[in-house]
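Chain and residue survey
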Amino acid sequence: MTFYLYLNDVEAGGGTNFDKLNLTVTPKVGRAILWPSVLNNFPSRKDVRTMHAALPVEAGIKYGANAWFHLRNYKEPYAAGCI
């Protein structure tokens, strides 16, 4: 899961676009979005519907914070050189 929190309003642009869902979330202070990156029934398969892109900020500045929630320990394989 990915959790993203917008920390400020943006004058123009800077949204998070989920192309396959036909959805763009506009940055607004305090607004948060949470989405899965895998399928519920098959947690080892990526959910392509939630592929997303950060749109360019057209005016102002964008501040945000994110957190990722993992199903398994990813730190040990990463430290061992597996990516």
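Higher on the page you've got the structure.
Anyway, here's the lowdown on the structure attached to this text. Nothing here was measured: the structure is a model prediction, and the numbers come from that model. (Residues numbered from 1 in each chain as written. Predicted model: local features only at pLDDT ≥ 70, side-chain atom pairs only at ≥ 80, totals over all residues. Heavy atoms only, no water.)

1. Some points on the overall build of the protein chain
Along the protein chain, the regular secondary structure elements total one helix and eight strands. Secondary structure elements in the protein chain, listed N-terminal to C-terminal, are β-β-β-β-β-β-β-β-α. In terms of overall size, the protein chain is more extended than a compact globule, its C-alpha atoms giving a radius of gyration of 15 Å where 83 residues would be expected to give roughly 12 Å. For the C-alpha atoms alone, the extent of the protein chain along its principal axes is close to 40 × 30 × 20 Å. For the protein chain, buried positions account for 19% of its 83 residues. (Helix = DSSP H or I, 4+ residues; strand = E, 2+ residues; numbered from the N terminus. Rg over C-alpha atoms; globule rule 2.2 N^0.38 Å. Buried < 20%, exposed > 50% of the residue type's maximum accessible area, 1.4 Å probe, protein only.)

2. Here's the deal with the sheet that holds strand E8 (residues 64-68)
Strand order in this open sheet of three strands is E5-E1-E8, and the pairing throughout is antiparallel. What marks the edges here is a single partner per strand, and that holds for strand E5 (32-35) and E8. Neighbour-to-neighbour, the strand axes of this sheet turn through a mean angle of 10°, independent of strand direction. As paired elements, strand E1 (residues 2-6) and E8 share five bridges and run antiparallel to each other. Across the sheet, Phe-3 pairs through a bridge with Ala-67, a residue of E8. (Pairing = 2+ DSSP bridges. Axes fitted to C-alpha atoms, helices over the stretch in contact; angles between N-to-C directions.)

3. What to know about the pairing of E1
In E1, alternate side chains face the same way, and those of Thr-2, Tyr-4 and Tyr-6 are buried while those of Phe-3 and Leu-5 on the opposite face are not. Note: E1 against E5, four bridges, orientation antiparallel. For Tyr-4, the partnering residue across the bridge sits in E5 and is Ile-33.

4. Concerning the sheet that holds strand E4 (residues 23-25)
Spatially, the three strands line up as an open sheet ordered E4-E3-E6, and their pairing is antiparallel. Each end of this open sheet is capped by a strand with a single partner; those strands are E4 and strand E6 (53-54).

5. Overview of the nonpolar core
One finds Tyr-4, Tyr-6, Phe-18, Val-25, Ile-33 and Trp-35 forming the largest nonpolar core, which totals six residues. Residue contacts for Ile-33: discarding those within four places in its chain leaves Thr-2, Phe-3, Tyr-4, Tyr-6, Thr-16, Phe-18 and Val-25. (Core = buried A, V, L, I, M, F, W, Y, C linked by side-chain atoms within 4.5 Å. Contact = heavy atoms within 4.5 Å.)

6. Some details on the side chain of Asn-8
By the element assignment, Asn-8 lies in the loop between E1 and strand E2 (12-13). Looking at Asn-8, its side chain comes within polar contact range of the main-chain oxygen of Ile-61, at 2.8 Å. Here Tyr-63 takes part through its backbone nitrogen, which lies 2.7 Å from a polar atom of the side chain of Asn-8. Every residue in contact with Asn-8, bar those within four places of it in the chain, is listed here: Pro-27, Lys-28, Val-29, Ile-61, Lys-62 and Tyr-63. (Polar contact = N/O pair within 3.5 Å; in protein donor to acceptor, adjacent residues only side chain to side chain.)

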